[in-house]
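Chain residues, written in single-letter form:
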Amino acid sequence: MGDLDFEIIGRALPYLAGGLRYTFQLTLVAATGGVIFGTLLAMARLSSFKPLALAAAGYVNLMRSIPLLLVIFWFYFMMPVLLQSLTGAERPPQIGAERSAYITFVMFEAAFFCEIMRAGIQSIAKGQAGAGYALGLNYWQVMGKIVLPQAFRNMLPILLTQSIILFQDVSLVSLLNVTDFVGAAVKVAQRDSRVVEMYLFVAVVYFVLCFALSAAVKRLQLRIAIVR
Amino acid sequence: MIAINNISKWYGGFRVLTDCSTAVAKGEVVVVCGPSGSGKSTLIKCVNALEPFQQGEITVDGVSVGAKDTDLPKLRARIGMVFQNFELFPHLSVMENLTLAQIKVLGRTPEAATAKGAALLERVGLAAHAAKFPGQLSGGQQQRVAIARALAMDPIAMLFDEPTSALDPEMINEVLDVMVDLAKEGMTMMVVTHEMGFARKVAHRVVFMDKGEIVEDAPKEDFFGKPRSERAQLFLSKILQH
Ligand SMILES: Nc1ncnc2c1ncn2[C@@H]1O[C@H](COP(=O)(O)OP(=O)(O)OP(=O)(O)O)[C@@H](O)[C@H]1O
Ligand SMILES: [Mg+2]
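The text that follows walks through the structure, step by step, so that each part is easy to find.

Here is what the cut-offs are and how they apply
- Residues numbered from 1 in each chain as written.
- Chains lettered and ligands numbered in written order.
- Predicted model: local features only at pLDDT ≥ 70, side-chain atom pairs only at ≥ 80, totals over all residues.
- Heavy atoms only, no water.
- Contact = heavy atoms within 4.5 Å.
- Buried area = accessible area lost by both parts, 1.4 Å probe.
- Salt bridge = Lys/Arg side-chain N within 4 Å of Asp/Glu carboxyl O.
- Polar contact = N/O pair within 3.5 Å; in protein donor to acceptor, adjacent residues only side chain to side chain.
- Helix = DSSP H or I, 4+ residues; strand = E, 2+ residues; numbered from the N terminus.
- Nonpolar A, V, L, I, M, F, W, Y, C, P; charged D, E, K, R; others polar.
- Buried < 20%, exposed > 50% of the residue type's maximum accessible area, 1.4 Å probe, protein only.

Here we look at the interface of chain B and chain A
Here is step 1 of the chain: Taken together, the 19 residues of chain B in the interface contact 15 residues of chain A.
Here is step 2 of the chain: Summing both partners gives a buried area of about 1,500 Å² for chain B against chain A, and 69% of it is carried by carbon and sulfur.
Here is step 3 of the chain: There are zero salt bridges connecting chain B and chain A.
Here is step 4 of the chain: For the pair chain B and chain A, the interface holds four residue pairs in polar contact (both at pLDDT 80 or more).
Here is step 5 of the chain: Those elements that place two or more of their residues in the side of chain B that touches chain A are α2 (72-77), β6 (79-82) and α3 (94-104) of chain B.
Here is step 6 of the chain: Residue composition of the side of chain B that touches chain A, by class: 13 nonpolar, two polar and four charged.

Notes on the side chain of E115 of chain A
Residues and elements named next belong to chain A.
Here is step 1 of the chain: Of note, E115 is situated in helix α4 (residues 97-123).
Here is step 2 of the chain: Residue E115 is classed as buried on the basis of its relative accessible area, which comes to 17%.
Here is step 3 of the chain: Engagement of the side chain of E115 in a polar contact is seen with the side chain of R45, the distance being 3.0 Å.
Here is step 4 of the chain: Excluding residues that lie within four positions of it along the chain, E115 makes contacts with R45, V60 and R64.

A look at the environment of I58 of chain B
Here is step 1 of the chain: Following the sequence through the fold, I58 of chain B ends up in strand β4 (residues 55-60).
Here is step 2 of the chain: Residues I58 of chain B and I2 of chain B, spaced 56 residues apart in sequence, show a C-alpha to C-alpha distance of 7.2 Å.

Printed below as a string of structure tokens:
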């Protein structure tokens, strides 16, 4: 360990920053899309229309039972083949690793956010929806104006905590050769044979970011508890 | 105005309501009382279809509540309801509580809805609290906001489900006063309550329920004078003790 060269980090910084930007982007898109689709899934799971509730439950349980890495591979390698056989095209359509990553993460996270939002919806007393219906509001208005805003607020700390986990999970896309933060570090490490420096640096950045974000979520949690 | 004909309702195998029939005429105030678990809440919630029922028919202003083709949101918008636990929307300000359904359901402009809301807050003595959130108000104030919220829809009838039983004793009267005024103005009201003072003052009829049945349905004078059933007498002697 005598000849560590940390200046490599300075030189590679613009490249690493680009990777980090992609990591943030993917996290943001997956969290936003995951919350939207997850909320719809949660509403479906709570629907009194049984086939819809069963289909949603099946999807969620499937996604939650398969390792994320497998979902990523499955989607990246199998989806083009599947699309080909569906459309009857001559060659498998190219989805591309980055686009594939966006779709995979939204779909995967939706299953987890679904369970959080479902608990959130159930945490709102039935009387609240009853009061909305009694005023003449319809299902979508009761959900959109009364139940979901409260459910979302109650669950915000958990949603954010899940998003921090997602932020870390995003690094798995480096296995598709996508240049996220870890992917960028891997490439620099291999090119310049500076594995220790790069992996140390990446770990420190992840630690600092996730630790700070977790602390912020804790403070938010306290504030919400006081307001309530 | 409200006609309840032979309503029966089951929760699974448990029969909550058995052949209940009564009616509330326009401008009439009917008080519903009875022991805990007798089905009062269930019956009143059947009137605006918050609870479905399996047998019988309820009509409100001639519209069948249970019929498949009834536009329920439209019907419910015409019936005001006040709950035991207020059920104000905690994430909305007092004024937003009053304007939400006016705008979304009745299609009023925000300006018109706010003007209406302000007038009703004035009426229930809470004009100064429009910008507050429900959590910042006392129970009595919250229930008065809830009444104002229901009135903002210009209902043809009002349903109350034990509106004062979650309140501290010193707040009961401020809510009852609003209800008494409403009754005196000729509002059609169906009120589940154990406040017999209120019943004596403004009720036209008293309905007594026990074990899912309407045991007694009599003009106020008759009910307090000589309730015919033993069960009603027992109930009255119990609640009038304190
Ligand atoms: N969702 C439900 N599932 C099963 N049983 C229920 C349900 N809701 C109410 N019940 C039962 O129905 C009966 C009538 O309940 P209801 O709430 O109408 O009584 P109540 O007269 O309003 O009583 P209280 O004075 O306590 O409010 C009770 O025995 C109650 O346990
Ligand atoms: Mg009740």
